[in-house]
Amino acid sequence: MKALYGEAVLLPDGWTEGARIDIDGDGNIAAITVGGASDGAERARGPIVPGLPNLHSHAFQRAMAGLTERRGAAGRDSFWTWREVMYGFVARLNPATLQAIATQLYVEMLEAGYTAVAEFHYLHHGPDGVPYADPAELSNRVIAAAATAGIGITHLPVLYAHGGFGGQPPTAGQRRFVNDGDRFLRLVEELRGRHHGFHDVRIGIAPHSLRAVNPRLLADVHDALNRSDATAPIHIHIAEQTREVDECLAWSGTRPVAWLLANAPVDRRWCLVHATHMTEAETRGLAATGAVAGLCPTTEANLGDGLFPLEPYLIDDGLVGVGSDSHISVSPVEELRWLEYGQRLAKRARNVASTPKASHVGAGLYRRALVGGAHACARPIGAIAPGHRADLVVLDAEHPLLVGRSGDTLLDAWVFAGNAPVVRDVMVGGTWVVRRGRHARRDEARADFARAINTLMD
Ligand SMILES: [Zn+2]
């Protein structure tokens, strides 16, 4: 057992002054005692908040950050031209470089205040599309990176079968991603077996998108997963681009979110990543399912996706969480900030995500992203409460930005004005991984990452 005492702690029902957090040997919160004695407990050097789950990550893309911000030869750049560059990059990755990139990324996530990640993992095979001797090689590299960095992971092997709507064959650039249903399910079972019983690893699945799976395959995989783990999370990319909406309409006569809601048993287990382009009926329908909308505002801005209909979705009590997706930014507060800023720019108004009950925008979005992120990761995280993992962030009480601020105003200050330097200490599963803003393995992760990048850029 270990114990932590905080002068200010964000509990599920609000801020409390003076609370003791007892943590058991497995890294779970055993008890919270408000007003409890600090004897024998470590005193936190600032306010304690639950670490934020990052619900959408493609780890390897961190190594591309900044490489696609110049005009391409083909004229007008778009998501689709970016994707061609990304495919070229994918072709050069090997197991060791992937692991080095993921380790560095996860170290950065922890230093920024993310304590868990849902890794939407679609890179499965060698450069020629032939599976590795161990078909789970690349999944295991990513999970090993999470263990090295000390971040909780929900690993989502991706089912990718087609190159476009209507069962189009995959392109050469997609061959490292492709599995049929049987090979995919064997991969999922192998991963479930290997990582069973580990507190900080959870296995789910991710049908890549309606472009990459067909209705029959989606249903078969869902049924097979139900037989082995009826609570495993299911994530899918959806309605990110208007071209995707147009192609879905041409294929099925229905828009992507409407199609999914009508043809798949979407419920609390699901996370619909992006869901950018929705009608009012789709927005209301998604909110009613209890599924999470997985929003990635910095990547969505970077790729020119569009804006999620946040205001009506929140009015309908839809669940949201945030992810850093392509990792053009690795900062939970920048995602939350841009979730609100996109709306302000579009509506020429302020405090769009506030409600009569939750007037603080930054604090309100942080709380929503804790709930939605935990839900999407399908792990007991996102709250400082007994039975949850001890995934905690201690903010730097001495940082100039936080001086004179407390409670929800302090969270607003972090979300809108602060970045990583406001994060002082980070604990995952009861173990300190970041102290005074530095991850314990920062130097070795950077050195391995630099070697990997030099190999890739050669
Ligand atoms: Zn994605």
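As a reminder, the structure under discussion sits directly above these lines.
Only a predicted model underlies this, so the values are computations on that prediction, with no experimental measurement involved. (Residues numbered from 1 in each chain as written. Predicted model: local features only at pLDDT ≥ 70, side-chain atom pairs only at ≥ 80, totals over all residues. Heavy atoms only, no water.)

*Asks:* Would you mind going over the pairing of strand β12 (residues 270–274) with me for this structure?
*Replies:* Looking along a regular strand, one sees the side chains alternate between the two faces of the sheet. For β12, the tally of buried residues reaches five of five residues, placing the bulk of the element in the interior. Where β12 and strand β13 (residues 292–295) come together, three bridges link them in parallel fashion. From the neighbouring strand, Leu 272 faces β13, where its bridge partner is Ala 293. (Buried < 20%, exposed > 50% of the residue type's maximum accessible area, 1.4 Å probe, protein only. Helix = DSSP H or I, 4+ residues; strand = E, 2+ residues; numbered from the N terminus. Pairing = 2+ DSSP bridges.)

*Asks:* For this particular structure, what's the right way to read helix α1 (residues 79–90)?
*Replies:* Counting along an α-helix, one turn takes 3.6 residues, and residues three or four places apart therefore face a common direction. With 12 residues, α1 should reach 16 Å at 1.5 Å per residue; the first-to-last C-alpha distance of 16 Å fits that figure. Those residues of α1 not exposed but buried are Phe 79, Trp 80, Trp 82, Arg 83, Met 86, Tyr 87, Phe 89 and Val 90. On an axial view of α1, the arc spanned by its buried residues comes to 155°, and they lie on one face. Close packing links the buried residues of α1 with α6 (242–252) and α14 (442–457). Two to three positions downstream of the cap, the backbone nitrogen of Trp 80 sits 3.0 Å from a side-chain oxygen, assigning the N-cap of α1 to Ser 78. (Expected span 1.5 Å × (residues − 1). Arc of directions from axis to C-beta. Contact = heavy atoms within 4.5 Å. Polar contact = N/O pair within 3.5 Å; in protein donor to acceptor, adjacent residues only side chain to side chain.)

*Asks:* Any chance you could explain the packing of helix α11 (residues 332–347) against helix α12 (residues 361–377) here in plain terms?
*Replies:* In helix packing, the relevant descriptors are the interaxial angle and the interaxial distance, both defined with respect to the helix axes. Orientation of α11 relative to α12, taken along the N-to-C sense of each, is 120°, at an axis distance of 9 Å. When the axis of α11 is compared with that of α12, the two are oblique. Crossing hand, α11 versus α12: right-handed. Along its contact with α11, which presents Leu 336, Leu 339, Glu 340 and Arg 344, the element α12 presents Val 361, Leu 365, Tyr 366 and Ala 369. Partitioning the contact of α11 with α12 into residue classes produces six nonpolar, no polar and two charged. (Axes fitted to C-alpha atoms, helices over the stretch in contact; angles between N-to-C directions. Parallel < 35°, antiparallel > 145°, perpendicular 65-115°, else oblique. Left-handed = near helix turned anticlockwise from the far one by under 90°. Nonpolar A, V, L, I, M, F, W, Y, C, P; charged D, E, K, R; others polar.)

*Asks:* I'm lost on unusual backbone geometry in this one. Help?
*Replies:* The phi torsion of most residues other than glycine is negative, and most of the peptide bonds are trans. One non-glycine residue, Ala 275, lies in the positive phi region at around 45°. Mapped onto the elements, Ala 275 comes out in the loop between β12 and α8 (280–289). Phi angles above zero are rare outside glycine, and Arg 436 is one such case at about 50°. Position of Arg 436 relative to the elements: it lies in the loop between β17 (431–435) and β18 (438–439).

*Asks:* Quick question: what am I supposed to make of the coordination of the zinc ion here?
*Replies:* Under ideal tetrahedral coordination, the four donors around a metal are separated by 109.5 degrees; under ideal octahedral coordination, the six donors are separated by 90 or 180 degrees. The zinc ion binds to the protein through His 56 (NE2), His 58 (NE2) and His 237 (NE2), with metal-donor distances spanning 2.0 to 2.2 Å. If you list the donors of the zinc ion from N- to C-terminus, the spacing comes out as H-x1-H-x178-H. In this pair, His 56 sits in strand β6 (residues 52–57) while His 237 sits in strand β11 (residues 234–238), placing the two residues 181 residues apart along the sequence. (Donors = N, O, S within 2.8 Å, 3.2 Å for Na, K, Ca; no water.)

*Asks:* Please explain the pairing of strand β16 (residues 423–428) as it appears in this structure.
*Replies:* Within β16, six of the six residues are buried, which leaves the element mostly enclosed by the surrounding structure. Alignment of strand β15 (residues 392–395) against β16, held across four bridges, turns out to be antiparallel. By the bridge assignment for β16, Val 393 is matched with Val 426. Where β16 folds back onto β17 in an antiparallel hairpin, the turn is made up of two residues, including Gly 429, whose phi is positive at roughly 55°.

*Asks:* Explanation requested: the packing of aromatic side chains in the structure shown.
*Replies:* Considering all chains together, one arrives at 12 aromatic pairs under this definition. Their ring planes at 80° and their centres at 5.1 Å tell us that Phe 308 and Tyr 313 sit as a pair that is edge-to-face. Its relative accessible area of 4% is what places Phe 308 among the buried residues. Members of the aromatic cluster, connected to one another through ring pairs, are Phe 60, Tyr 87, Tyr 122, Tyr 160 and Phe 177. One Lys or Arg, Arg 243, reaches over the ring of Trp 80 and ends 3.9 Å from the middle of that ring. (Phe/Tyr/Trp six-rings, centres within 6.5 Å; stacked < 30°, edge-to-face > 60°. Lys NZ or Arg CZ within 6 Å of the ring centre and 35° of its normal.)

Take it as geometry only, folks, not as evidence of what the structure does.
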